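# Observations on the three-dimensional arrangement
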Amino acid sequence: MKKLGRREMTNESEDDLAHKVLKDIKAPSDLGLLRCVQCGLCTSMCPASRHSEYDAREIIKRVLDNDESIIEDEIIWNCFYCYTCHSVCPVGNSVCEVNQILRQMAIDKDVGKKQIESFMSFADSFLEEGLGIIPKEYHGQLKIDYGKHWENLQENLQEVREELGLDSMFLLPEAKESVDKTLDAIGFKKRVDSIKEVRNRK
């Protein structure tokens, strides 16, 4: 008798949160979520668990308990994505990867948009320039953090690049056009606009 793969399972009893996570396109085929024995090794090694109320083991427990309130819990946003949990889990589970899926579920349900809204200026740089650059709104803080040298470099960056014999850091028009078409095709701008809508609710 053929053993069904995880993604072939259709039993209605397997429509709980754990299986929704496992069926997500971002879930690796060998994710050991259902093999978790709650040993707590992930939590003991997790820097977020050391420095906040985040508890990696508890995240997985709530997923296995079909506690969908975890999707709306702000605690899932404390994960650093350092993959320490992933590297130490004896059964091949990854709280990092589970968290990524939970966060996307939160964004899809609208409750997670406020958590990423402040990063939309980075998305704007992709829309405006076709590549990721540090938005100008962060320059003031970076100047405080890194001092006058950083400010001088930013003000004279083009001249410095020319002295070093480097080409422009910006895309050629045809490359920018290609990026624009790609971002449009994948619905990037519409997604950014939907996330920015949370500003109007404040």
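Figured I'd write up the structure that's included with this text.

The rules behind these values
- Residues numbered from 1 in each chain as written.
- Predicted model: local features only at pLDDT ≥ 70, side-chain atom pairs only at ≥ 80, totals over all residues.
- Heavy atoms only, no water.
- Salt bridge = Lys/Arg side-chain N within 4 Å of Asp/Glu carboxyl O.
- Helix = DSSP H or I, 4+ residues; strand = E, 2+ residues; numbered from the N terminus.
- Buried < 20%, exposed > 50% of the residue type's maximum accessible area, 1.4 Å probe, protein only.
- Core = buried A, V, L, I, M, F, W, Y, C linked by side-chain atoms within 4.5 Å.
- Contact = heavy atoms within 4.5 Å.
- Phe/Tyr/Trp six-rings, centres within 6.5 Å; stacked < 30°, edge-to-face > 60°.

### Some details on the pattern of salt bridges
Considering all chains together, one arrives at 16 salt bridges under this definition. A salt bridge links K109 to E72; the nearest nitrogen and oxygen atoms lie 3.4 Å apart. Separated by 37 residues along the polypeptide, K109 in the loop between α6 (95-108) and α7 (113-116) and E72 in the loop between α4 (56-64) and α5 (84-88) bring together distant segments of the chain. Classification of K109 as partly exposed rests on a relative accessible area of 42%. The salt bridge involving E177 is made with K181; its shortest N-O contact spans 3.5 Å. Here K181 and E177 lie together in helix α12 (residues 173-185), a separation of four residues that amounts to about one turn. With relative accessibility at 45%, the residue E177 sits in the partly exposed group. Given a relative accessible area of 55%, K181 falls into the exposed group. A cluster of three or more residues bridged by salt bridges with shared partners is formed by R62, D67 and D73.

### Some words on the environment of E58
Position of E58 relative to the elements: it lies in helix α4. Along the chain, E58 and C42 lie 16 residues apart, while their C-alpha atoms are 10.0 Å from each other.

### Regarding the nonpolar core
Counting 35 residues, the largest nonpolar core has V21, L33, Y54 and L102 as its most contacted members. Only α1 (17-23), α4, α6, α8 (120-129) and α13 (188-196) provide two or more residues apiece to this core. In terms of residues, this core owes the most to one element, α6, which gives eight residues. When residues no more than four places from it in sequence are discounted, the contact partners of L33 are A18, V21, L22, I60, V63, L64, N93 and V98.

### Overview of the packing of aromatic side chains
Applying the stated criterion across every chain, the model contains two aromatic pairs. When the ring of F122 is compared with that of Y138, the centres are 5.2 Å apart and the planes differ by 35 degrees; the resulting orientation is tilted. Taken together, the residues F122 in helix α8 and Y138 in the loop between α8 and α9 (139-146) connect sequence positions 16 residues apart. You can call Y138 partly exposed: its relative accessible area is 25%. Ring plane angle 75 degrees and centroid distance 6.4 Å describe the contact between F126 and F188, whose orientation is recorded as edge-to-face.

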